[in-house]
Amino acid sequence: MGVAKQAIYYAFHPNELRSIIQWKVWHEPVHKRDPSKETATEKSCFHYLNMTSRSFAAVIQELNPELLMPVCLFYLVLRGLDTIEDDMTIDIKEKEPLLRNFHKYMEQDGWTFDKNGPNEKDRDLLVHFDDVIVELKKVKKPYYEIIKDITVKMGNGMADYALNAEHNINGVNTIADYELYCHYVAGLVGEGLTRLFVKSELANPQLLVRMDLTESMGQFLQKTNIIRDVHEDWLDKRRFWPKEVWSKYVDKWDDLFAPEHREKALQCSSELVLNALKHADECLFYMAGIRDQSVFNFVAIPQSMAIATLELVFRNPDIFERNVKITKGDACRLMLESTQNLRVVCDVFRRYARRIHKKNDPRDPNFLAISMQCAKIEQFIESIFPTQDPKKIAAGQKQVNEAGMDTGDAILLVLSAVFTLVVIGLLMVGTAWFLGAHLNKFFDGLDNSLGGSVKKPTSVLGHEEL
Amino acid sequence: MVSEKKPELGSVMVIGGCGFLGHHVVRLLLRDYTCAVSVVDLRCTRNRRPDSDGVVYYEADITDVDKLESVFAKAKPDVVIHTASPAPQANDSVSHALFKKVNVDGTAAVIKACQHTGVKALVYTSSASVISDNKSDLINADERWPMVRGKDQTEYYSETKAAAEELVLAANRAPESPTFLTCAIRPSGIMGEGDTMQLYHMINVYRQGRTNVQIGDNDNLFDFTYVENVAHAHLLAARALLITAASKTVPLDHERVDGEAFFITNDSPVYFWDYARAIWAAAGCPHGTEHVRVLPRSVGLLLGALSEAFCWAIGKPPTFTRQRIIYACMTRYYDISKAKKRLGYKPLVSLDEGIRRAVKWALEQEQNKQ
């Protein structure tokens, strides 16, 4: 957007401008990096973090110092893996062992990789991966073990997908495939993060028992991205929407993008939105287990963005024509709201659940199921932050039953208050008069200002003269 | 349920077994349980099972104590499911008298008959409205919420259901019959095949082309329950009472079923107007929401008052009333954790499937009439 265009946009969306200003002015990070105390390799790691991540760089750098470096490095390692997996110029014979053995390379001092194609956007990270390795060696052992374990699993998962010709040609088939794919892309990262949070005692250890909550966090984010990016992926000839779902609405994948099938395409997208919304209550439940403000912000911001994005893509025909994104103003407001506490994040979820339900169309085969799912989010929020208290309601009933006497009492109270005011007023006026105030002048003045009796006769006479 | 052995319920009597809920209870008993079934109803012609099912029908008025006890002596039930209640449609003194007679006096007579003939367990169909004052919201309410009684209860029907529920629960392990166990089921917004009220009314709104008005912002959640799920909850409760009766120890407080009331819903509240729109869509309504005009609640109340005044002037009972507006804008949904934990209740049929079945049935009825 050009500056003029932006100015016009914000002139008509003052609330968004307000959110942006509020975020810039009032957001005070819980923790801040201190670059003056950082080593050269640490600085280098943050440089690559800022270079490779659009959404996570800021929140990672505000993390509790205990987890700042481990999470930053965890991110860079996974980004490194991703850069190899994404690169279609690397032959599969070379790619597979690279992916499966990445956890070994990241332990070799000075290891770098410069065989990425020139267009691979994050190739610099791997060219300077030795800096990451230096820092990885300094990470506390328990944290390092977690990073390594997830790297092994992720590397093998990516290698399996790279070898899976069926997946590469046809894309995702069943809903189970779809969820497995989301597990590899996001669920595993979530697993690593939860283990880091619990190990550092910044989250409730129960989260390790309920790993399904962690899985929901990842699934919710990834599914939202997949729904939003459908057009971009289609242009890239990649398909992540499961055939099991879209084949109910159109015969051929490309039909989904044809204007004459728009209504069917929307219904298909709403089935996927419904599928993603099923994780929302578990995400809130997960966030209730976080004990540190900076970690809370770190997990809550992407979740709030995700539910807002789901609302944006829901029944939005634009997703089949171009990339859609939440506006900067909305993003700032969401960040403000996601850096407070669970209650505020619950309000965000409820607000967007209601907006989704308002856009729901009764002709959509998923209509009632979506309504039920939005309601379920609301009901879940009620279960953690109840609006009503049965004890108070019972007490209220008793009060109402005694209301007969209460009204009498209330009238008496009001009357006595009025009486007291009148007495005090009279006393004050009387005292003033007694002390020599010229009250008659005051009343004359009052009289005048009301079109007083002194002038009246003259004006009446004047009229008669006419 | 198919591969497992069906649970035993002994001899089961369904009072009101030809009614809307009652005949579904009978159907589920035959489908899911091993038991002998008898039915008591005022008239046993409608919703009757084929003779091959072996259900024994007795015509009796439950307010007739002597007749009722003679039926009990013949049928010898182990369990009684008491679903009988007049339709809560009218709100005049004649129907008030009927509510009192059937719901309160009739239930008292059923309790007596049970106690005199050695019945082990009684499950009573109460109503989720017993905690509603018909104007305040109920947000995720559960069994801790107090009943609304006396002059606070503006619906006399609910008052009589609450009074009857109290009688039933007071009879649990009562001194005059210490082994007799009772509980109450409080369903919210029952709908399904055989529903001649709620569903019928909703479809009527569509037939008259009045789907274009929405009163209130439609953020209010409501619990509607498919009838088969309600029937299922009754039978889970019956089974739990029989198991309690057979065991020598009194169950712990947090797991007891006897002497307790349970809210039953589909465990999926929905936005009030979404429910209506789902029914209209199932009935063939071709509209989305573009044609809908939203009236604020206050405007609705004003129109309701005008309609009431107008109908009063021409001496007709009003159909469009302020109370209707209040209901349409009220939040009323329940937390059914207690039923899930203690009865092992889970809805058998989802709400959308329930709506599909119910509307299909209603449309078939319409066609049969033509």
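Conventions and cut-offs
Residues numbered from 1 in each chain as written. Chains lettered and ligands numbered in written order. Predicted model: local features only at pLDDT ≥ 70, side-chain atom pairs only at ≥ 80, totals over all residues. Heavy atoms only, no water. Buried < 20%, exposed > 50% of the residue type's maximum accessible area, 1.4 Å probe, protein only. Helix = DSSP H or I, 4+ residues; strand = E, 2+ residues; numbered from the N terminus. Arc of directions from axis to C-beta. Contact = heavy atoms within 4.5 Å. Polar contact = N/O pair within 3.5 Å; in protein donor to acceptor, adjacent residues only side chain to side chain. Pairing = 2+ DSSP bridges. Axes fitted to C-alpha atoms, helices over the stretch in contact; angles between N-to-C directions. Core = buried A, V, L, I, M, F, W, Y, C linked by side-chain atoms within 4.5 Å. Domains from an automatic or database assignment. Salt bridge = Lys/Arg side-chain N within 4 Å of Asp/Glu carboxyl O.

Visitor: Got a minute to help me understand helix H6 (residues 92-100) of chain A in this structure?
Guide: Since the α-helix packs 3.6 residues into each turn, any two residues three or four apart lie on the same face. Residues and elements named next belong to chain A. Considered for burial, the residues of H6 that qualify are Lys95, Leu98 and Leu99. In an axial view of H6, the angular spread of the buried residues amounts to 95°, which keeps them on one side of the axis. Those residues of H6 hidden inside the fold are in contact with helix H5 (65-86), helix H7 (102-105) and helix H10 (141-163). Regarding H6, its N-cap is Asp91, as a side-chain oxygen of that residue lies 3.0 Å from the backbone nitrogen of Lys93 further along.

Visitor: Where do I start with the sheet that holds strand S5 (residues 121-125) of chain B in this structure?
Guide: Backbone-to-backbone hydrogen bonds pair the strands of a sheet. The strands run either parallel or antiparallel. Residue and element names in this part refer to chain B. With parallel pairing, the 7 strands of this open sheet are ordered in space as S3-S2-S1-S4-S5-S7-S12. This sheet does not close on itself; its edge strands, each paired only once, are strand S3 (56-59) and strand S12 (261-264). The average undirected angle you get between the axes of adjacent strands in this sheet is 20°. As defined by bridge partners, strand S1 (residues 8-15) adjoins strand S4 (residues 79-82) across 4 bridges and the pair is classed as parallel. Across the sheet, the residue bridging to Val12 is Val79, located in S4.

Visitor: What is the right way to look at the environment of Leu181 of chain B in this model?
Guide: Residue and element names in this part refer to chain B. Its location among the elements puts Leu181 in strand S7 (residues 181-187). For the pair Leu181 and Arg48, spaced 133 residues apart in sequence, the C-alpha separation works out to 29 Å. Non-local contacts of Leu181, meaning those with residues more than four positions away in its chain, are made with Lys120, Ala121, Leu122, Asn172, Arg173, Leu241, Thr244, Ala245 and Asp258.

Visitor: How do you make sense of the nonpolar core when you look at a structure like this?
Guide: It is characteristic of soluble globular proteins that their nonpolar side chains tend to be buried jointly. Judged by nonpolar contacts, the single largest core of 129 residues is most densely connected at Phe129, Phe197, Trp241, Met287 and Phe349 of chain A. Ranked by residue count, the leading element in this core is H5 of chain A, at 13 residues. Of the residues that make up this core, three or more belong to each of domain 1 (30-162) and domain 2 (201-385) of chain A. If we skip the residues at most four places from it in the chain, Phe197 of chain A touches Leu67, Leu202, Ala203, Tyr286, Ile290, Val295, Phe298 and Val299 of chain A. Counting residues in hydrophobic clusters, the runner-up holds 86 residues, among them Ala237, Ile279, Ile326 and Ile336 of chain B.

Visitor: Sorry, what's going on with the pattern of salt bridges here?
Guide: Enumeration over the complete set of coordinates arrives at 60 salt bridges over all chains. Between Asp122 of chain A and Lys121 of chain A there is a salt bridge, with the nearest N and O atoms lying 3.1 Å from each other. The class for Asp122 of chain A is buried, based on a relative accessible area of 4%. By sharing partners, the salt bridges in this structure join Arg27, Arg31, Asp32, Glu228, Glu353, Arg356 and Arg357 of chain B into a single network.

All we've got here are geometric facts, nothing functional implied.
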